[in-house]
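Structure assessment
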Amino acid sequence: MPNEFIAGEIYVTVNGFDGNGIIIAEEGPIPICTGCEWETSTCYGICYGPRWAWKAFHVQMLPVVGSTGSGSNTMTFLSTINDVTGQPYYQYISENQWILMDPAFQIYYNASPTWPYQGNKTIQLTDVKVEDEIRDAENNVLTGTVYGINKYLGPWAQDPTPVVTAENIAVEPSTTCNEPIGTMVDILNTNTFSSWFFDGNPLFCGVGSVGVPSFDHEGDEVEFLNNCWTELEAWLEATDGSFAEALELFDCKDGDGGGFDWPENVALVNIMPYENPNGEVQVLKKEDLYLPNGEFVSPQITIDEGLYMIGVQFKDASYLTLWFDSVKSRVWNIPYSELLEANIFPVPIQDDEFTLSMTAKAKLKFDYVLYDLNGEELFRRNFVIPKDHSREQIIKIHNGIPSGQLVNKFYFEDGSVLEFQTIK
């Protein structure tokens, strides 16, 4: 950063843009002051109206004794997101309203109208029910296919995106945080450094909160983050993160850790590249994975190299967008071997028999083969186990089981193999 921008008391807001010039990340205001030591007080008020969501961020900085700088007391007007989930606040509209939406809303909502999956700024919900309580800006309950558009700065949005800062505030953050949101609105409307922006179109809130954010809709997505954060964080930090790893983290909801287990509170998963001008979306649903008889049908998910989004719609119509970077192109599926849990007892094996315990997460057909450590086949049998069924089978080896390490292999119809060792 050039020296002239770090020599005084400067606030910097950093925006990240996509290839279309649309802001997809925002941080700030960040104070820049070389050699300064500050006593800082902060406060913010959040307003989410029927078609907008903004934050008034109040910062007072006083230099400690012996440091440089004269201090400051400012308030900045910014767009905001849900502090709990990191997702936008959404304005929901019906499918008919979406079709008729004026393309000029790109500035109003900071989102592109050309396709329904522009980052996590526009989402599509399917099979929404009355009990989901998804409402539009006029408070009408919506059902069926519903679109969500991120609430942005609404009628106060401009191009380029505004950063409005009111300077030399007369009150301290401790005061504004204990006042209704209207106090912050008045400051921003009347300050000489910001009134030009709201001239003829004064800022207002309508419905809002001060200090602690409120949410117009939260549910299973918050529970998912609370229960699955460790798995989610590990996946996001993996250098070779893949869609398969993303699905594996869903298992944290069920806690059994065995193969692929579709979480009951997830309605569907949308997989899409971030650069997505054609609206390409691969949709994965539980009902698409199983035939009526319970037999598993592995999905074929094609993923190219690049940045991808996973949009998870939950059963209560809440929505969560996750991100991962695909390091290479691949065609992904679920091997049948991941759908069987198997173990043997007792360990070590006594005499010439043992119990084979198996649980299938789908209807599975496979051959079980027991080998000694030299690869000689000692036993073979075919099994068919229905979906969600468990079975215990006593295995008797009439020619005797040799002492030492033994290899258990399960051969499935898709060519995958489950293998583990035991000992006598």
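The model shown is predicted, which means the values in this text are computed figures rather than measured ones.

Further remarks concern the pattern of salt bridges. If charged atoms from side chains of opposite charge come close, those side chains can pair. For the coordinates displayed, the defined rule picks out 8 salt bridges. Across the pair E419 and K409 runs a salt bridge whose closest N-O atoms are separated by 3.8 Å. Of this pair, E419 sits in strand β23 (residues 417-423) while K409 sits in strand β22 (residues 405-412); the two residues are 10 residues apart in sequence, bridging distant segments of the chain. Using a relative accessible area of 23% as the deciding quantity, one classes K409 as partly exposed.

Turning our attention to the state of the cysteines. Here a disulfide denotes one covalent bond, and it connects the sulfur atoms of two cysteines. The full count for this structure, using the stated rule, is 2 disulfides. Each sulfur in the disulfide pair C43 and C177 lies 1.7 Å from the other. The sign of the S-S torsion, about 120 degrees, decides the handedness of the disulfide formed by C43 and C177: right-handed. Of this pair, C43 sits in strand β3 (residues 38-48) while C177 sits in the loop between α3 (173-176) and α4 (181-190), and the two are 134 residues apart along the sequence. Taking the relative accessible area as the measure of exposure, C177 reaches 28% and is therefore partly exposed.

Taken together, 3 strands build an open sheet; the order of strands is β17-β18-β21 and the sheet is antiparallel. The open sheet terminates on both sides in strands that have one partner only, identified here as β17 (340-345) and β21 (390-396). Strand-to-strand twist in this sheet, taken as the mean axis angle between neighbours without regard to direction, amounts to 20 degrees. With 6 bridges connecting them, β17 and strand β18 (residues 353-360) associate as antiparallel partners. What sits directly across from F345, in β18, is T355.

Let us now look at the sheet that holds β23. A sheet is described by the order of its strands in space; here 4 strands give the open sequence β20-β19-β22-β23, paired in antiparallel fashion. Where the open sheet ends on each side, the last strands, each with one partner, are β20 (377-385) and β23. Each neighbouring strand pair of the sheet contributes to a mean axis angle of 20 degrees, computed without reference to strand direction. Strand direction decides the pairing type here: β22 and β23, joined by 7 bridges, are antiparallel. Paired with Y411 across the strands is V417, a residue of β23.

Cut-offs applied
- Residues numbered from 1 in each chain as written.
- Predicted model: local features only at pLDDT ≥ 70, side-chain atom pairs only at ≥ 80, totals over all residues.
- Heavy atoms only, no water.
- Salt bridge = Lys/Arg side-chain N within 4 Å of Asp/Glu carboxyl O.
- Helix = DSSP H or I, 4+ residues; strand = E, 2+ residues; numbered from the N terminus.
- Buried < 20%, exposed > 50% of the residue type's maximum accessible area, 1.4 Å probe, protein only.
- Disulfide = S-S within 2.5 Å.
- Pairing = 2+ DSSP bridges.
- Axes fitted to C-alpha atoms, helices over the stretch in contact; angles between N-to-C directions.

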